[in-house]
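The lines below spell out each chain.
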Amino acid sequence: MNIRERFGYLAKIVLPVWKKEGIADYIAQSGSFQGAGNDLVLSPGIAVSKLFEYYQYRNVAAYALQDRGLSIEEYFEGNYDYAELLAQAIRAQSTPGPGAELLLPQP
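Keep in mind that what you see is a predicted model, and the values were worked out from it rather than measured.

Rules behind the numbers
Residues numbered from 1 in each chain as written. Predicted model: local features only at pLDDT ≥ 70, side-chain atom pairs only at ≥ 80, totals over all residues. Heavy atoms only, no water. Helix = DSSP H or I, 4+ residues; strand = E, 2+ residues; numbered from the N terminus. Buried < 20%, exposed > 50% of the residue type's maximum accessible area, 1.4 Å probe, protein only. Contact = heavy atoms within 4.5 Å. Areas by Shrake-Rupley, 256 points an atom, 1.4 Å probe, with all protein chains shown as cover. Axes fitted to C-alpha atoms, helices over the stretch in contact; angles between N-to-C directions. Parallel < 35°, antiparallel > 145°, perpendicular 65-115°, else oblique. Phe/Tyr/Trp six-rings, centres within 6.5 Å; stacked < 30°, edge-to-face > 60°. Nonpolar A, V, L, I, M, F, W, Y, C, P; charged D, E, K, R; others polar.

A few words on the overall build of the protein chain. The helix and strand inventory of the protein chain stands at 7 helices and 0 strands. Relative to its full complement of 107 residues, the protein chain shows a buried share of 33%. When contacts within the protein chain are restricted to residue pairs at least 6 apart in sequence, those whose partners lie at least 24 apart make up 61%. Accessible surface, the protein chain: about 6900 Å² in total, of which carbon and sulfur atoms supply 55%.

Printed below as a string of structure tokens:
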């Protein structure tokens, strides 16, 4: 998706990095921390790198679009607090959903 074509040149300039990069990685379904990143998100006191920041951006985009049901337009145009969305995404990842007990090792 080309942000400038869809939302205008000014949007490409003024949108926060977390929105632009998060949606790009989300759409591409790529990033540096594929599976192990989830464990790092939940670990207190980890050293933050740029690669990990981008992983968090992607998780925030996934949370906003999948869990909260926002459209891409709502995601880009809404005035969302990144820290709050990140906290919500982390809580959502750490809360098992329906059927999660099926994924636990059986004694």
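Helix α7 (residues 82–94) packs onto helix α5 (residues 50–67) with a crossing angle of 75° between their chain directions and a minimal axis gap of 9 Å. When the interaxial angle is binned, α5 and α7 end up roughly perpendicular. Residues E53, Q56, Y57, N59, V60, Y63 and D67 of α5 touch α7, and the partners they reach there are Y82, L85, L86, Q88, A89, A92 and Q93.

This next bit is on the packing of aromatic side chains. Across all of its chains, the model carries 5 aromatic pairs by this definition. Put simply, the rings of W18, Y54, Y57, Y75, F76 and Y82 touch in pairs and so form one group of aromatic residues.

Running from amino to carboxyl end, helix α3 (residues 17–28) crosses α5 at an angle of 80°, the nearest separation of the two axes being 7 Å. Taken together, α3 and α5 sit at an angle that is classed as roughly perpendicular. Across from V17, W18, E21, G22, I23, D25 and Y26 in α3, the residues of α5 making contact are Y54, Y57, R58, V60, A61, A62, L65 and Q66. The class makeup of the residues in the contact of α3 with α5 is 10 nonpolar, 2 polar and 3 charged.

So, on to the environment of L86. Residue position: L86 is located in helix α7. Counting along the chain gives 27 residues from L86 to N59, while the straight-line C-alpha distance between them is 7.8 Å. Sequence-distant contacts of L86, defined by excluding residues within four places in its chain, comprise Q56 and V60.

Scope: geometric values only; no functional claims are made or implied.
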